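# Observations on the model geometry
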Amino acid sequence: MRYRQVTTGTLALGVLLLIDVLRVWLPGIITIFGQAASTPAELMGAFALGWFVLALGAPAVVRRVGARPVTVAAAVLLAVARLALTVAPGGRTQLWLATAGLLAGLVWLVGVAADTDRPVPGLALGFAVNAALHAALDTVDLVWRGDWVAWLLSSVTVALFLFGTARSGSAAGTAGSGSAAGTAGSGSAAGAAGSGSRAGDGGVRAWLLAGPALLLAGMVALSPALAQTGMSYLQVGGGVARSPLLGMAPAPVAVAAFLYTALTRPPERWGRAYGPVAVVAGAVLFALGQGDLLLPAVLLAALGLGTCLARTDDATSPRSGTTAGPADAVGNEADAVGNEAVAVGDEAVAAGGETVDEAVVARGAARRGYAAAAGMLVFALGAVGYYSAYDLGYPNAPVPVLVALLVAVVAFTARPVANPTPGPFAPLRAVGAVAALALLAPVLADEVQVASNREGPPERLTVVAYNIRMGFGLDGRFDLTGLTEAVDRQRPDVVLLSEVDRAWLLNGGHDTLDLLADRLDMQYVFGPAADPVWGDAVLSRWPVTDPRTLALPAVGAPTGAQALAVTLDLGDGVRTAVVSTHLQPPPGRGPVVQARAVADFATGYAAGRPLVVAGDLNTEPGDEAFGQFTAAGLVDALATARPLATSPADDPRQQIDHIFVSPGLTATDPVAPRGTASDHLPVAVTLTLPPR
């Protein structure tokens, strides 16, 4: 394996591990460091940003200590933290392990940047492999899987990363000594080193885009969960999503488009603009917040982001008369041509014994380090700026657009490179291998949920309502098993879910709804609330028809709310209306206005048919908002079990999760089974249908 292939592969593996750590650390800010409903968003944001600001000091450490020692130490810490997170018990231990891994990853990135002036192939490969693996694993990271397969894949990844880190250093040293010996006394290739005006400066733009590209990739371009959610909106239309067929099919297309455009240089004339235009267009479509625009947003952003990265890949052939990068070591020709200039570490050795000014090389290394750290700070600012809006209430749509504009401007203004050096990997082979991994997703990850009439209409329906907190338990771990068991032990016919997350980068980029539907073998209907990928859902064992959604008045609450109505087709003309909602009261007030809107919408939708209204209503029995449902003629199905506190799950003191039914339905066996798979307890009841 050639030197550049080792460094490129190692960079890709490191990016893979860093993203794994981020997918644990980001939700830990909400679920462990604080609580979204009680901890000030400003405090959570300051905690998040502080570690990225701290990483801005890493370039100074690298300059004083040297890139190699810093890179190796940080790589070891990143690897240890990544493996430790798999067995972390959750809670503060998990948060601080993830924080240590994040800081180590940021310092490692700065150290690698100081020694690497051609990061685009490694960054692009890391982003693409991560997305392909995330899709093949059905959007559940290896960190959250405790089986032997997860351990095996995690251990192999970490071992290859550490081996590559050690190998890169030894290969650089070997290339350096060999090249120096081979070029002594030769002056024929002195011009290959160029004038030295750009020596050591390559890669600054690419490293600056590492953080913004990571944000856009995780939020839009390379998010398998977002692609699947986009497919689910195509099933119905009207702002409602349903279980899709082959929902993961767009993921391999996006991954292949991104990686191919990142590894191949676009034409300089018309190709100069299409990448920047495409990435901005994808971000704009995403920011519009329409479910049916998610799929084109993913594909455009993937195409544009890859092209923009390719435009910042300023590696130049040593034979062209311009400067070779200090870390490329002449790539594919170092072993065959002993009289050409070779750049090693922080020093470039030229063919006639001439050396490029060490100060220039050191300045280039420092610039790359600061660019990498600044780019990751942009990632943090963008992530905090976008997701804090759901607590603070300001418009967040401009955030991804501004990040995309930054990427577009940096790429568009990049200086064209004459005679670019070929990359370390053949583009078509690399794309084929990664796309093959991504193609496992439609085969392995996609499951077809089946809802079909049983024999005759049932006499009873079991209903479960559950606020699942985006899939994270009280210990801060992604707990699909706990959620599934909490629901499935009730043997439900219909499940109403609140706080359903389908692609938020903040929560790890999971499609929690599809994952639960697969495990429960139930079809779903999803109604967006805060945005197209966060809201409420209904899962059913019976066919569902006529889905409708109503956006509820915000009345000063920062997070959006909605009501999702569906009709259960129970056979022989028997129909039951079901409405799932999650009321979001404004600060210091009850959700009275929203409760009245839901009650009116639900009774109007049911039109005299049996009706169930349930969810996290954020109101207790006796409150004015609670009274809006009883005033509409609905009955509290959990009344006989009172007090039936549901929140917080580890010490329930409030009953804010409810099930209301129309008078013709008889409720029995109301329960709120204990568990910590969410910060709420589920509530369940068995309903006897009125005689036909």
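None of these values were measured; they are calculated from a predicted model.

Rules of the game
- Residues numbered from 1 in each chain as written.
- Predicted model: local features only at pLDDT ≥ 70, side-chain atom pairs only at ≥ 80, totals over all residues.
- Heavy atoms only, no water.
- Helix = DSSP H or I, 4+ residues; strand = E, 2+ residues; numbered from the N terminus.
- Buried < 20%, exposed > 50% of the residue type's maximum accessible area, 1.4 Å probe, protein only.
- Contact = heavy atoms within 4.5 Å.
- Areas by Shrake-Rupley, 256 points an atom, 1.4 Å probe, with all protein chains shown as cover.
- Pairing = 2+ DSSP bridges.
- Axes fitted to C-alpha atoms, helices over the stretch in contact; angles between N-to-C directions.
- Parallel < 35°, antiparallel > 145°, perpendicular 65-115°, else oblique.
- Salt bridge = Lys/Arg side-chain N within 4 Å of Asp/Glu carboxyl O.
- Expected span 1.5 Å × (residues − 1).
- Phe/Tyr/Trp six-rings, centres within 6.5 Å; stacked < 30°, edge-to-face > 60°.
- Lys NZ or Arg CZ within 6 Å of the ring centre and 35° of its normal.
- Core = buried A, V, L, I, M, F, W, Y, C linked by side-chain atoms within 4.5 Å.
- Patch = residues over 30% accessible without salt bridge, like charges linked within 9 Å, V, L, I, M, F, W, Y side chains within 5 Å.

## Here we look at the overall build of the protein chain
In terms of regular secondary structure, the protein chain is built from 22 helices and 15 strands. Taking all 692 residues of the protein chain together, 61% fall into the buried category. If you take every contact in the protein chain between residues at least 6 apart in sequence, the share linking residues at least 24 apart comes to 78%. Accessible surface, the protein chain: about 24500 Å² in total, of which carbon and sulfur atoms supply 60%.

## Thoughts on the pairing of strand β15 (residues 683–688)
When you tally the buried positions in β15, you get 5 out of 6 residues, the bulk of the element. As judged from the 6 bridges shared by strand β4 (residues 460–467) and β15, these two strands associate in the antiparallel manner. Each residue of the ladder has a partner; that of Thr 462, found in β15, is Thr 686. Pairing of strand β14 (residues 666–671) with β15 involves 4 bridges; the strand directions are antiparallel. Directly across from Val 671, in β15, lies its bridge partner Ala 684.

## A few points about the packing of helix α2 (residues 41–54) against helix α14 (residues 358–387)
Their axes nearest at 9 Å, the elements α2 and α14 cross at an angle of 175 degrees. When the interaxial angle is binned, α2 and α14 end up roughly antiparallel. Residues Gly 45, Ala 48, Leu 49, Phe 52 and Val 53 of α2 form the contact with α14, whose own contacting residues are Met 376, Leu 377, Phe 379, Ala 380, Leu 381 and Val 384.

## So, the pattern of salt bridges
Following the criterion strictly, the structure yields 10 salt bridges and no others. Put simply, Asp 20 and Arg 82 hold a salt bridge, and the shortest N to O gap is 3.1 Å. Of the two residues, Asp 20 sits in helix α1 (residues 3–33) while Arg 82 sits in helix α4 (residues 67–87), which places them 62 residues apart along the sequence. Judged by relative accessible area, Asp 20 falls into the buried class, the value being 9%. Since its relative accessible area comes to 1%, Arg 82 is described here as buried.

## Overview of the sheet that holds β15
The 7 strands lie next to each other as β1-β6-β7-β5-β4-β15-β14, forming an open sheet whose pairing is mixed. Two strands close off the open sheet at either side, each with one partner strand: β1 (241–242) and β14.

## Describing the sheet that holds strand β9 (residues 562–569)
The strand order β8-β9-β10-β11-β13-β12 describes an open sheet built from 6 strands, whose pairing is mixed. If you trace the sheet from one side to the other, it starts and ends with β8 (544–551) and β12 (635–636), each paired once. Across the face of the sheet, helix α21 (residues 592–606) comes into contact with β8, β9, β10 (575–582) and β11 (611–616) while running at roughly 155 degrees to β8. Lying over the sheet, helix α22 (residues 624–631) contacts β11, β12 and β13 (657–661), oriented at roughly 20 degrees with respect to β13.

## What about α21?
For α21, spanning 15 residues, the distance from its first C-alpha to its last is 21 Å, which sits close to the expected 21 Å at 1.5 Å a residue. Burial in α21 covers these residues: Val 592, Gln 594, Ala 595, Val 598, Ala 599, Phe 601, Ala 602, Tyr 605 and Ala 606. Turning to α21, the residues buried within the fold contact β8, β9, β10, β11 and α22. Downstream of α21 by one or two residues, Ala 607 has phi in the positive range, about 50 degrees.

## Regarding the packing of aromatic side chains
Under the counting rule described, the total for this entry stands at 20 aromatic pairs. Relative to Trp 51, the ring of Phe 47 has its centre 6.0 Å away and its plane inclined at 80 degrees; by these criteria the two rings are edge-to-face. One end of the pair, Phe 47, and the other, Trp 51, are both in helix α2, 4 residues apart, so they sit about a helical turn from each other. The exposure class of Trp 51 is partly exposed, given its relative accessible area of 21%. Each member of the aromatic cluster is reached from another via a ring pair, and the members are Trp 25, Phe 33, Phe 47, Trp 51, Phe 52, Trp 96 and Phe 379. Sitting over the ring of Phe 526, Arg 502 keeps its end group 5.3 Å from the ring centre.

## Things to note about the pairing of strand β7 (residues 534–540)
Counting buried positions along β7 gives 7 out of 7 residues, so the element sits mostly inside the fold. Where strand β5 (residues 494–501) and β7 come together, 6 bridges link them in antiparallel fashion. Bridge pairing links Val 495 to Leu 539 in β7. Where strand β6 (residues 523–531) lies against β7, 7 bridges are found, and the strand directions are antiparallel. Each residue of the ladder has a partner; that of Val 525, found in β7, is Val 538.

## Notes on unusual backbone geometry
The omega torsion of the bond from Arg 642 to Pro 643 falls at 0 degrees, within 30 degrees of zero and hence cis. Note on placement: Pro 643 falls in the loop between β12 and β13. Here the amide bond leading from Ser 647 into Pro 648 is cis, since omega sits at -10 degrees, within 30 degrees of zero. You can see Pro 648 is positioned in the loop between β12 and β13. Although it is not a glycine, Thr 139 adopts a positive phi angle of roughly 70 degrees. Position of Thr 139 among the secondary structure elements: in the loop between α6 (120–136) and α7 (148–183). The backbone of Asp 546 sits at a positive phi, close to 50 degrees, despite the residue not being glycine. Within the secondary structure layout, Asp 546 lies in strand β8. The partly exposed category is assigned to Asp 546, whose relative accessible area is 34%.

## Remarks on the nonpolar core
Formed by 139 residues in total, the largest nonpolar core has its most connected members in Trp 25, Phe 52, Trp 207, Phe 258, Leu 497 and Leu 539. Per-element accounting of this core gives the leading share, 16 residues, to α1. Excluding its chain neighbours within four sequence positions, the residues that come into contact with Trp 207 are Leu 11, Leu 109, Val 112, Ala 113, Thr 116, Pro 119, Leu 123, Arg 368, Ala 371 and Ala 372. One finds Val 240, Leu 461, Val 578 and Val 685 within the second-largest nonpolar core, a separate group that totals 29 residues.

## Things to note about a nonpolar patch on the surface
A cluster of nonpolar side chains, contributed by Trp 148, Val 149, Leu 152, Leu 153, Val 156 and Leu 160, occupies part of the molecular surface with about 570 Å² of accessible area. On the secondary structure map, Leu 160 appears in helix α7.

## Some thoughts on the side chain of Thr 99
Considering the arrangement of structural elements, one finds Thr 99 in helix α5 (residues 91–115). When its relative accessible area of 2% is taken as the criterion, Thr 99 is described as buried. Look past the residues within four positions of Thr 99 in its chain and what remains in contact with it is Trp 25, Phe 47 and Trp 51.

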